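Architecture at a glance
Below are the chains, spelled out letter by letter.
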Amino acid sequence: MTSAPYLTSARQIASRVFVDLLRPGDRAVDATLGNGHDCAQMCRLVGETGRVDGFDVQQQAIDSTRALLETLGLTSRAELHLMGHERM
């Protein structure tokens, strides 16, 4: 028995959840920014009228995410916070 292709990794599951749940105008939270790819996907999905609040305790994660969002033209859709998500 093989697993379904869409359940091969936690990253793919998270991506599928974003696509299934987020709509233009929504507000979303990325509680651990990492390299920014989840935040960028959320920004695309919430559209110009939505908003993503991103949190991370590492300045490097904030910087990487900001750079990615700038490259993709998505900075206006996100606010990045240098703090743990426990302080949301």
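Residues numbered from 1 in each chain as written. Predicted model: local features only at pLDDT ≥ 70, side-chain atom pairs only at ≥ 80, totals over all residues. Heavy atoms only, no water.

**Some points on the nonpolar core**
- Residues C39, C43, V52, L69, A78 and L80 are the most contacted members of the largest nonpolar core, which totals 17 residues.
- If you list the elements that add at least two residues to this core, you get α2 (37–46), α3 (59–72) and β3 (78–82).
- In contact with L69, not counting residues within four places along its chain, are C39, A40, C43, L74, T75, A78 and L80. (Core = buried A, V, L, I, M, F, W, Y, C linked by side-chain atoms within 4.5 Å. Buried < 20%, exposed > 50% of the residue type's maximum accessible area, 1.4 Å probe, protein only. Helix = DSSP H or I, 4+ residues; strand = E, 2+ residues; numbered from the N terminus. Contact = heavy atoms within 4.5 Å.)

**Looking at the environment of V46**
- Summarising the element assignment, V46 is placed in helix α2.
- Remark: the alpha-carbon pair of V46 and R27, spanning 19 residues in sequence, is separated by 7.0 Å.
- Leave out the neighbours within four places in its chain, and V46 touches L22, R23, P24, G25, D26, A28, R51 and V52.

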